[in-house]
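# Working through the structure, step by step
Below are the chains, spelled out letter by letter.
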There are 2 protein chains.
Amino acid sequence: MSIRIITVSREFGSGGRSIAEIVAKSFGFEFYDKALIAKAAERTGFAESFIKEHGEQRSPNNFFSLPFTSSTFNGMSTEDYLWSMQRSIILELADESPCVIVGRCSDYILRNRKDAFHVFVHAKPEDRADRIVNQYGVHTTNPMKTLAEEDKKRRKNYRYYTDREWGAADNYNVSIDSSLFGIEGTADMIITMAKELGVSSADK
Amino acid sequence: MSIRIITVSREFGSGGRSIAEIVAKSFGFEFYDKALIAKAAERTGFAESFIKEHGEQRSPNNFFSLPFTSSTFNGMSTEDYLWSMQRSIILELADESPCVIVGRCSDYILRNRKDAFHVFVHAKPEDRADRIVNQYGVHTTNPMKTLAEEDKKRRKNYRYYTDREWGAADNYNVSIDSSLFGIEGTADMIITMAKELGVSSADK
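Residues numbered from 1 in each chain as written. Chains lettered and ligands numbered in written order. Predicted model: local features only at pLDDT ≥ 70, side-chain atom pairs only at ≥ 80, totals over all residues. Heavy atoms only, no water.

Read across the sheet, ten strands follow the order β2(A)-β5(A)-β1(A)-β6(A)-β7(A)-β7(B)-β6(B)-β1(B)-β5(B)-β2(B) without closing on themselves; strand pairing throughout is mixed. Edge positions in the sheet fall to β2 (30-32) of chain A together with β2 (30-32) of chain B, since each of these pairs with one other strand and no more. The sheet shows a mean angle of 20 degrees between the axes of neighbouring strands, taken without regard to direction. Together, β6 (116-122) and β7 (174-177) of chain A together with β1 (5-10), β6 (116-122) and β7 (174-177) of chain B form the strand contacts of helix α9 (residues 178-197) of chain B, whose direction differs from that of β7(B) by roughly 155 degrees. (Pairing = 2+ DSSP bridges. Helix = DSSP H or I, 4+ residues; strand = E, 2+ residues; numbered from the N terminus. Axes fitted to C-alpha atoms, helices over the stretch in contact; angles between N-to-C directions. Contact = heavy atoms within 4.5 Å.)

This part covers unusual backbone geometry. Of note, the phi angle at A:Arg104 is positive, near 55 degrees, even though the residue is not glycine. When its relative accessible area of 6% is taken as the criterion, A:Arg104 is described as buried. Positive phi values are uncommon outside glycine, yet B:Cys105 reaches one of about 55 degrees. Structurally, B:Cys105 can be placed in the loop between β5 (99-102) and α6 (106-109). (Buried < 20%, exposed > 50% of the residue type's maximum accessible area, 1.4 Å probe, protein only.)

All names here are of chain B. Its 20 residues place the ends of helix α8 (residues 143-162) 28 Å apart at the C-alpha level, agreeing with the 28 Å of an ideal helix rising 1.5 Å per residue. Buried residues of α8: Thr 146, Leu 147, Glu 150, Asp 151, Arg 154, Asn 157, Tyr 158, Tyr 161 and Thr 162, and no others. Considered in projection along α8, the buried side chains sweep an arc of 135 degrees and stay on one side of the axis. The inward-facing, buried residues of α8 abut β1, α5 (78-96), α6 and α7 (125-134). Of the residues one or two after α8, Asp 163 is the one with positive phi, at around 60 degrees. (Expected span 1.5 Å × (residues − 1). Arc of directions from axis to C-beta.)

Under the fitted operation, chain A is carried onto chain B by 0.0 Å of movement along the axis and a turn of 180 degrees, and the coordinates agree to an RMSD of 0.0 Å. Here the two chains are linked by the operation of a two-fold rotation axis. (Least-squares fit on C-alpha atoms with pLDDT ≥ 70 in both.)

The next thing to look at is the confidence of the model for chain A. Residue and element names in this part refer to chain A. On average, residues of chain A score 85 in pLDDT, and 81% of them reach the 70 mark or higher. At the low end of the mean pLDDT range in chain A sits helix α4 (residues 62-69), at 42; at the high end sits β7, at 98. Every residue in residues 60-70 scores below 50 in pLDDT, and together they form nine contacts with partners more than four places removed in sequence or on other chains. Here the predicted complex scores 0.87 on pTM and 0.85 on ipTM. (pLDDT = per-residue confidence, 0-100.)

Now for the side chain of B:Thr186. All names here are of chain B. If you trace the backbone, Thr 186 turns up in helix α9. A relative accessible area of 0% places Thr 186 in the buried class. A distance of 2.5 Å separates a polar atom in the side chain of Thr 186 from the backbone oxygen of Gly 182. Look past the residues within four positions of Thr 186 in its chain and what remains in contact with it is Ile 19, Ile 176, Asp 177, Ser 178 and Phe 181. (Polar contact = N/O pair within 3.5 Å; in protein donor to acceptor, adjacent residues only side chain to side chain.)

Here the focus is the pairing of β6(A). Residues and elements named next belong to chain A. Most of β6 sits out of view: seven of its seven residues are buried. Side chains of β6 alternate between two faces, with Ala 116, His 118, Phe 120 and His 122 and Phe 117, Val 119 and Val 121 buried alike. Both strand β1 (residues 5-10) and β6 contribute to a ladder of six bridges, which runs parallel. Counted as the bridge partner of Ile 5 is Ala 116 from β6. One ladder, built from four bridges, connects β6 with β7; its direction is parallel. The partner of His 122 across the bridge, within β7, is Asp 177.

What follows is the structure in structure tokens.
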């Protein structure tokens, strides 16, 4: 079966989002990142900024703080409700048309689809630190600490919802170091590999 | 700087060794797996079979059993002495000529070399189970359990000597799923990527 879904999970600051976008353009696939957030916002009635903040991470002291600070939806916490909504949306989008989906545990949600190719993008800490400050415009006096905190949040969120380890090679078909190949080079390698596997009819 | 060393770490039963051999042949690089073991055996005076057994794993109840069961070398346990020997040999071999090195924490030992490309090969548990029984000829009534035990040993050994997590994508430049690409296909992808980075003059 040929590939019609590519999930791109990524370390913060690895350039994974830009890489995913190049891959999507190259194959003429839909690209879901902010668009996915907007869809989720539309469906849940949450503000986009709220979803962006909570959609990939649980509150730091979740276990203790949730009962007092979060609303519940059919007995679910805000975060769990949002996860369940995002999950449904990802499953629907994957059915609709060939696409590249960035993050949001999409590798796990779509793990059983034979037509999905799961990629993880990582990079050297010093390159990630440079990218978040000079390209993403993150204001921080200690970029390495910011990265460590972000990694911790993603790891926690991923483990909670998937019972797997974030960034473990086994979760993905390919994991690749964007520090070594560069943004364009990494995208090229992912495109080469997807082509090798065969890409669905949306292939331009 | 172009690539003159490729390390291939692999899950047991992923076919990583065969893949590494194809890559080595393709570039005309030296191939170190059993050859490395033989070199280590020669230098340490240990039997090859002993090194094969202990070179990638520490004893199961190492902490308690070692003081009573292992000999020591200059105050080092057998395992630590063997590690130190293997480390020196890997560093020497890497200096000598372009090569592909399989396992033995070579990714960690050579992590700071700019001319090294670090690969991890993994595969689906069911494919690994099938391979160890039908190709490697491992005698086991429960191949999944055998795999889990082997993974645990490698993880423990790797963590002990490197303070890193075995199989974490971050340790390698590329991690690749041989179940998806097949043995030849995975080797082809590694060759393509190495060529993209530039391969040293031993390139045929």
